[in-house]
Amino acid sequence: MTEGADRGGNALYGPQPDVSGAAGYPDAPPRVGFFTDTSVCIGCKACEVACKEWNAIPEDGLELTGMSYDNTRGLGADTWRHVAFVEQSGPSGGPEAAQDVAAGVDVFAAATRLGTAAEPAGPVPLVSPDGRTELRWLMSSDVCKHCTHAGCLDVCPTGSLFRTEFGTVVVQQDICNGCGYCVPACPYGVIGRREGDGRVWKCTLCYDRLGAGLEPACAKSCPTDSIQFGPLDELRERARERVARLHAAGVTDARLYGESPEDGVGGAGAFFLLLDEPEVYGLPPDPQVTTRDLPAMWRHAAAAAVTLAALVLGSCARRKR
């Protein structure tokens, strides 16, 4: 453990890129993670299936949400990979801002009324010159971010959550007591408690496969290389080059999310190329490690305790007189 780091390798007093070294692995391999390029995701859900099969995760419902082809809704104890489907009424990279269907525009109903007396007076879907209604799907495979500053590590009282030699964050179910402290500590809402079990579960970045020199099951199964696995430094460089190419091609909305070591979690071990604002994909726009203020809070509590003790001693001294 290095100065200014906790038992999980979190840097408490400044940037700490060597999270594995801080967690007690002096000869650790390069930190690895995921780069998810949502611009090439086709929503096939191969990653979801591969994740469940390899990790023996129980099924979590086969019913569609009624809003899209999404049948998992979000990450949780029984969903370690979640493919989001977002339907919008603008072409990818177009000059006009895309309108989210969730904002109140029923694009299918509106499209059937175009050019008729029943045409709506409000916002309508963009229409191409030949009369076609322009729609686009934004698809993204979400996963645990394996944060540099991981709040879940800070609050775990049993050491069930730990930092691996690969820089990832893993739960040891055999010593998890089901307290659930880590659930609200995650700024992304990744960790969940399994019903009928009580313990918490989340993505391990296929820790067992990494130990055998294999890539995670989700990345292995992705047919378009939307999910890319490798050393984080290489992935970040590759991601910046990809964004530059998309901008040159006119896709000006392309941006990276979670790759910066200067963000509120010190940089994520799983980051994304997005084609719209993070909120559109269900991601927090400015995530912050939930335990960032703990050192200051303990200092204030200690100062208050010392002040209270001094007042009590002073009061006792006056009474003796």
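Residues numbered from 1 in each chain as written. Predicted model: local features only at pLDDT ≥ 70, side-chain atom pairs only at ≥ 80, totals over all residues. Heavy atoms only, no water.

> Would you explain the nonpolar core in this entry?
As a rule of thumb, soluble globular proteins bury nonpolar side chains together. Within the largest apolar cluster, 58 residues are counted, with the highest numbers of intra-cluster contacts made by F34, C152, L161, Y188, I227, L273 and L275. Dropping the residues within four chain positions of it, I227 is found in contact with F34, F35, T36, C47, R81, S141, C218, A219 and C222. (Core = buried A, V, L, I, M, F, W, Y, C linked by side-chain atoms within 4.5 Å. Buried < 20%, exposed > 50% of the residue type's maximum accessible area, 1.4 Å probe, protein only. Contact = heavy atoms within 4.5 Å.)

> What exactly am I supposed to notice about the confidence of the model for the protein chain here?
Residues at a pLDDT of 70 or more form 78% of the protein chain, whose mean pLDDT is 83. Within the protein chain, the lowest mean pLDDT, 51, falls on helix α3 (residues 107-112), and the highest, 98, falls on helix α7 (residues 217-221). Residue range residues 91-105 is modelled with pLDDT below 50. Its contacts to residues more than four positions away, or to other chains, number 25 contacts. Every residue in residues 123-127 is under pLDDT 50, and counting partners more than four places away or in other chains gives 17 contacts. (pLDDT = per-residue confidence, 0-100. Helix = DSSP H or I, 4+ residues; strand = E, 2+ residues; numbered from the N terminus.)

> Any chance you could explain the sheet that holds strand β10 (residues 270-274) here in plain terms?
What holds strands together in a sheet is hydrogen bonding between their backbones, with the strands either parallel or antiparallel. Overall, mixed pairing links the 4 strands, which are arranged β8-β1-β10-β9 in an open sheet. In this open sheet, the two edge strands, each paired with only one partner strand, are β8 (227-231) and β9 (255-257). With strand direction ignored, the average angle separating the axes of adjacent strands in the sheet is 25°. (Pairing = 2+ DSSP bridges. Axes fitted to C-alpha atoms, helices over the stretch in contact; angles between N-to-C directions.)

> Honestly, the pairing of strand β3 (residues 136-142) in this entry has me stumped. Any pointers?
Along a regular strand, successive side chains alternate from one face of the sheet to the other. In terms of burial, β3 is a largely internal element, 6 of the 7 residues being buried. Direction of pairing for strand β2 (residues 82-88) relative to β3: antiparallel, over a ladder of 7 bridges. When the sheet's bridge partners are listed, H82 is paired in β3 with D142.

> Explanation requested: a nonpolar patch on the surface in the structure shown.
A cluster of nonpolar side chains, L64, Y69 and W137, forms an exposed patch at the surface whose accessible area comes to about 340 Å². Along the chain, Y69 falls in the loop between α2 (46-55) and β2. Owing to a relative accessible area of 52%, Y69 belongs among the exposed residues under this scheme. (Patch = residues over 30% accessible without salt bridge, like charges linked within 9 Å, V, L, I, M, F, W, Y side chains within 5 Å. Areas by Shrake-Rupley, 256 points an atom, 1.4 Å probe, with all protein chains shown as cover. Salt bridge = Lys/Arg side-chain N within 4 Å of Asp/Glu carboxyl O.)

> How should the environment of A84 be read in this particular structure?
Structurally, A84 can be placed in strand β2. Using a relative accessible area of 9% as the deciding quantity, one classes A84 as buried. C-alpha of A84 to C-alpha of G282: the two residues are 198 residues apart in sequence and 8.4 Å apart in space. Dropping the residues within four chain positions of it, A84 is found in contact with L138, M139 and S140.

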